[in-house]
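# Residue-level structure breakdown
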Amino acid sequence: MKMPKVINRHCPYCKKHTEHKVEVAKAKTRSSARPLSRYSRSRTNGRGLTKGMGNKGKYSMPPIKKRKMMNKKMSKKVDLRFLCSNCKKMSQKTEGFRTKKFELV
Ligand SMILES: [Zn+2]
């Protein structure tokens, strides 16, 4: 998908349509996006991330990359930020959308 670098958009701070510069937000890692969910026992179980005794049958399985559900999603969500040229404040879309490729033209 291609998108222009500058678009006209409603600014919630100026309360009118102004020119906005489009930026792609840097993708956050799991730990920085949700710091409170870090290393819960139930989440890390079954993903090969737990520490402790034994290997829990890991080496009798095929490697994770060869398992069925690996790399099922071919697209990624794009997180866009809009910088108002009038008040220099940043706003964002409520939800990202999925595309294989994203380009700012
Ligand atoms: Zn504004």
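I will try to describe carefully the structure that is included in this document. Model, not experiment: these values are computed from the prediction.

Here we come to the environment of Ile7. Here Ile7 shows up in strand S2 (residues 6-11). On the basis of relative accessible area, Ile7 is assigned to the buried category, the value being 17%. When the C-alpha positions of Ile7 and Lys21 are compared, they lie 6.7 Å apart, and in sequence the two are 14 residues distant.

Notably, Lys15 is not glycine yet its phi reads approximately 60 degrees, a positive angle. With respect to the helices, strands and loops of the structure, Lys15 is situated in the loop between S2 and strand S3 (16-24). Given the relative accessible area of 68%, Lys15 is considered exposed. Here Lys88, not a glycine, exhibits a phi torsion of approximately 60 degrees, which is positive. Take Lys88: it is sitting in the loop between strand S5 (80-84) and strand S6 (90-92).

The rules behind the values
- Residues numbered from 1 in each chain as written.
- Predicted model: local features only at pLDDT ≥ 70, side-chain atom pairs only at ≥ 80, totals over all residues.
- Heavy atoms only, no water.
- Helix = DSSP H or I, 4+ residues; strand = E, 2+ residues; numbered from the N terminus.
- Buried < 20%, exposed > 50% of the residue type's maximum accessible area, 1.4 Å probe, protein only.

Functional significance is not addressed by these values, which are geometric in nature.
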